[in-house]
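Results of the structural survey
Here is how the chains run, residue by residue.
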Amino acid sequence: MLIRPQPSDIKLVGFQLGRVLYVVGIAGIIPLVWAIIDRDWHSASSFIFMIGLALAIAASVERFRPKEEHAGWHHGMVTVALVWLVVPALGAIPLALSRHYGRPLDAFFDAMSGVTTTGLALIQDVDHLASSINVWRSALQFLGGQGIVLAALMLFGGGGVLALYHGEARDERIFPSVGSTARFIWSVSLFHAVFGITALWAVGSFILGFHPMRSLLHAITIFMSAFDTGGFAPMSTSIGYYHSVTYESVIGVLMVAGALSFGAHYALWRGPRNLLRNLEARTILTTFAGTLVIALIGLAATGLYTDGLSLGRQGFFQLLSAHTGTGFSTVPPADLIRWSGLAFGGITIAMALGGMGSSTAGGVKALRIGLTVRSLWNTVKEALLPEGSVISNRYSQGSPKVLHPELAQSVMTISLLYVGLYLLGTAVGIAYGVPLQQAMFESVSAGASVGLSVGVVDPTMPVILELVYVLQMWIGRLEFVAVFALVGFVVSWVVGE
Amino acid sequence: MILTSVAMLLVGPALPSAATEVSDLLSDPESWAGKVVEVSGEIVGDYGRHSGSFWLQLNDDAYAVEPLLETGRLAGSNIGLTLRVPPELFEEIASAEQPGGYRWRGPILKVVGEYRYHDPDRSGETYIAVTALEIVESGRHLPSEATGSLGMVGVVLAVGAATVLARHARQRRREWRLED
């Protein structure tokens, strides 16, 4: 029997949601200031409207503040799932008002793509877009990548912290408390922000010869998109716009930093050896090397690049972008579509696998892959070795851990759910007449929060396909659990007693 | 329409093929690779200078002809390609024109050059190595209308939110005092 949620449950979820909306209101001040400096009153108005609406909704649920916060696991999960629907809806307002979208759903699609750090885009004429809107698109990725709820936790604290934290697909706590872990995550991000923006600005100004102010715009937007493995770029030609190995190298470092879990950042800080002992780090190095070899062999076979240096540079960047879940590209979609055969396979597998757990990258995640392989290997050994043989089921992940059957089952279930998610978008794409290869590429890109595109995501795409990609981005980013909790909450509300 | 001829400096023996569109180059690059092409379009973004050349993005999409801010008509994504321009050809554009962006339609250029697809000398980059160019139309400001009313609604909502919050804060303080 399902138990119908009490009004107090709904009020608590509403109150927690309101707290997060304050963060959206505060975040909107950054592009607002940019618009005012630019004397861009149209964009400024749209940001003021969004900020006002976010604060008004947040204030209106303030009366639901409980006397004692007794938020449970399900409250946190439901809140997170709702946050990741409401925030894109609010974030889409300035986008929709920018006149660069054909329909409001397209603006919502881009906002969802932003907060889930996917990077697929339906914006039109981005090359004439207001700078402040470009900053907002990247800020959405930064906000989503860092964790909107995490930001709210830092600002407000409160009950149900652990559920909210896990709801955003973060499994690890680096420090004993969620608060100190949140502060560590934001400190790491701040460090990379200073490094990334300075490096990109310097390369833009002194090597590429851009105007210093324009270089700053590129640096800020690209940093936020690269470190949070988002993929929105201020120009339509993505990273191919810069024609610079140096710029690509800085972006590469930021993409890798973004795809590392914050636990890995902590381990690196203590010494690289600590990191290399981790099953997750070993797995991601192996899968990256494997998919890179596959992609490069495939790319060489296509004959698109006639020399090793070209092959290496273009293949490496695209593969790194795919595996880290960023979605930046140095080649246009029309060119990427020619990466057929093994090259296509390598890139698609890299996208599907994704980065490390508790990072801003999407996909199945390296730890789940590592644990699945370890579990399967143990099963094979059990079958081959004499009865009674002792098989080690220990692995290292920060500290020595044991691979219990329950854990193995859990990671395999999530991995299978990802496969199902990728198949869903592929099937709908095929139903609309998209060739299998392209349908699969785009579906994996959406479900794994990557953002590389072969052109299926387009302003003229069917609404149903667009909605399916939105669903994939939402579910893929939250790694299923919070979404299932929301569905359960709604079902209990409707049919529960 | 202001027409400003800047230069027609054909370098090398190759003659340009018929005028083409960037979308043709992108959809069938291999058949155009190494050929001299003529394309027209709007210069957008930045004037980058490195590797002894200037680097520009030329868009020959619908927005180059009918800017979005003027017509309000959406016509899909941008279609652009990079130009690599030698300094002697670039000087006169830079002195007079800024590239296109928000509220600014960049200059429309007609360029002739070799289409270098996956150029091994640039580790696989694709661009047109420009040998001649002409400014067909100067850049110009685009109209932008501010929607002040929406901003006012936002201000009213924010003030309302602040009032509600202040009231709740007062109420909580009162409750704490009563509890003490």
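Above this text is the structure in question.
Predicted model, so just to flag it, every value in this text is computed and none were measured.

**Concerning the overall build of chain B**
Within chain B, the secondary structure is distributed over six helices and seven strands. From first element to last, N terminus to C terminus, chain B shows the α and β order α-α-β-β-α-α-β-α-β-β-β-β-α. Burial analysis of chain B (180 residues in total) assigns 47% to the buried set. Excluding contacts between residues fewer than 6 apart, the proportion of contacts in chain B whose partners are at least 24 apart in sequence is 66%. For chain B, the computed accessible surface area is about 8,900 Å², with 55% contributed by carbon and sulfur atoms.

**Describing the environment of S375 of chain A**
Residues and elements named next belong to chain A. Relative to the helices and strands, S375 resides in helix α18 (residues 366-384). Here S375 falls in the buried class, since its relative accessible area comes to 11%. Considering only alpha carbons, one finds S375 and Q409, 34 residues apart in sequence, at a separation of 9.1 Å. Setting aside its immediate chain neighbours within four residues, S375 contacts L403, A408 and M412.

**Some details on helix α20 (residues 436-447) of chain A**
All names here are of chain A. If you check α20, its first and last C-alpha atoms are 16 Å apart, about what 12 residues at 1.5 Å a residue would give, namely 16 Å. Residues of α20 that are buried include every one of A439, F441, E442, S443, V444, S445, A446 and G447, and no others. Those residues of α20 that are buried lie in contact with α16 (333-336), α17 (341-353), α19 (405-431) and α21 (463-478). A positive phi of about 55 degrees marks S449, the residue just after α20.

**Digging into the pairing of strand β2 (residues 399-402) of chain A**
All names here are of chain A. Across four bridges, the pairing between strand β1 (residues 394-397) and β2 is antiparallel. Bridging from a neighbouring strand, R394 pairs with V402 of β2. Between β1 and the antiparallel strand that follows it, β2, lie one residue; G398 among them carries a positive phi value of about 80 degrees.

**Some remarks on the packing of helix α14 (residues 279-302) of chain A against α17 of chain A**
Residue and element names in this part refer to chain A. Put simply, α14 and α17 touch, their axes get as near as 6 Å, and they point 155 degrees apart. As the angle between them shows, α14 and α17 are arranged roughly antiparallel. In this structure, the crossing between α14 and α17 has a hand that is left-handed. Counting all contacts with α14, which are made through T287, T291, I294, A295, I297, G298 and L299, the residues of α17 involved are L342, A343, G346, I349, A350 and L353.

**Section: the pairing of strand β1 (residues 36-50) of chain B**
Residues and elements named next belong to chain B. Counting buried positions along β1 yields 13 of 15 residues, so the element is predominantly enclosed. Taken together, the six bridges between β1 and strand β2 (residues 53-59) define a ladder with antiparallel strand orientation. Within the sheet, the bridge partner assigned to R49 lies in β2 and is F54.

**Focus: helix α9 (residues 178-207) of chain A**
With 30 residues, α9 of chain A extends 42 Å from end C-alpha to end C-alpha; this agrees with the ideal 44 Å at 1.5 Å per step. Trailing α9 of chain A by a residue or two, G209 of chain A shows a phi angle of about 75 degrees, which is positive.

**What about the pattern of salt bridges?**
For side chains bearing opposite charge, pairing can occur when the charged atoms are close. By the definition in use, this model includes 15 salt bridges over all chains. E248 of chain A is the salt-bridge partner of R313 of chain A, the closest N and O atoms lying 2.7 Å from each other. Of this pair, R313 of chain A sits in helix α15 (residues 308-323) while E248 of chain A sits in helix α11 (residues 245-259), and the two are 65 residues apart along the sequence. Here R313 of chain A matches E248 of chain A in class, with each residue buried. By sharing partners, the salt bridges in this structure join E248 and R313 of chain A together with R122 and E125 of chain B into a single network.

**Examining the interface of chain A and chain B**
Listed as interface residues are 58 residues of chain A and, on the opposing side, 57 residues of chain B. Interface area, chain A with chain B, both sides summed: about 4,400 Å², of which 55% is carbon and sulfur. The largest contributions to the chain A side of the interface with chain B come from R99, H128 and H243 of chain A, which together make up 17% of the buried area. Where chain A meets chain B, there are three salt bridges. For R172 of chain B, the salt bridge identified is with E62 of chain A, shortest N-O distance 3.6 Å. At the boundary of chain A with chain B, the tally comes to 31 residue pairs in polar contact (both at pLDDT 80 or more). For the side of chain A that touches chain B, the secondary-structure elements that each account for two or more residues are α3 (41-60), α10 (212-227), α15 and α16 of chain A. Broken down by element, the residue count for the side of chain A that touches chain B peaks at 11 residues, all from α3 of chain A. Split by residue class, the side of chain A that touches chain B holds 27 nonpolar, 17 polar and 14 charged.

**Focus: the sheet that holds strand β6 (residues 125-137) of chain B**
Strand order around the closed barrel formed by five strands is β1-β2-β3-β6-β5 (chain B), with mixed pairing between neighbours. Each strand axis lies, on average, 50 degrees off the axis of its neighbour in the sheet, ignoring direction.

**Concerning the packing of α14 of chain A against α15 of chain A**
All names here are of chain A. At a minimum axis distance of 10 Å, the contact between α14 and α15 shows a crossing angle of 135 degrees. Comparing their axes, α15 and α14 come out oblique. Viewed along their axes, α14 and α15 form a crossing whose handedness is right-handed. Of α15, the residues touching α14 (which contributes I284, T287, F288, T291, L292, A295, L296, L299 and A300) are L311, G312, G315, F316, L319, L320 and H323. Across the contact of α14 with α15, the residue classes tally to 11 nonpolar, five polar and no charged.

Thresholds applied
- Residues numbered from 1 in each chain as written.
- Chains lettered and ligands numbered in written order.
- Predicted model: local features only at pLDDT ≥ 70, side-chain atom pairs only at ≥ 80, totals over all residues.
- Heavy atoms only, no water.
- Helix = DSSP H or I, 4+ residues; strand = E, 2+ residues; numbered from the N terminus.
- Buried < 20%, exposed > 50% of the residue type's maximum accessible area, 1.4 Å probe, protein only.
- Contact = heavy atoms within 4.5 Å.
- Areas by Shrake-Rupley, 256 points an atom, 1.4 Å probe, with all protein chains shown as cover.
- Expected span 1.5 Å × (residues − 1).
- Pairing = 2+ DSSP bridges.
- Axes fitted to C-alpha atoms, helices over the stretch in contact; angles between N-to-C directions.
- Parallel < 35°, antiparallel > 145°, perpendicular 65-115°, else oblique.
- Left-handed = near helix turned anticlockwise from the far one by under 90°.
- Salt bridge = Lys/Arg side-chain N within 4 Å of Asp/Glu carboxyl O.
- Buried area = accessible area lost by both parts, 1.4 Å probe.
- Polar contact = N/O pair within 3.5 Å; in protein donor to acceptor, adjacent residues only side chain to side chain.
- Nonpolar A, V, L, I, M, F, W, Y, C, P; charged D, E, K, R; others polar.

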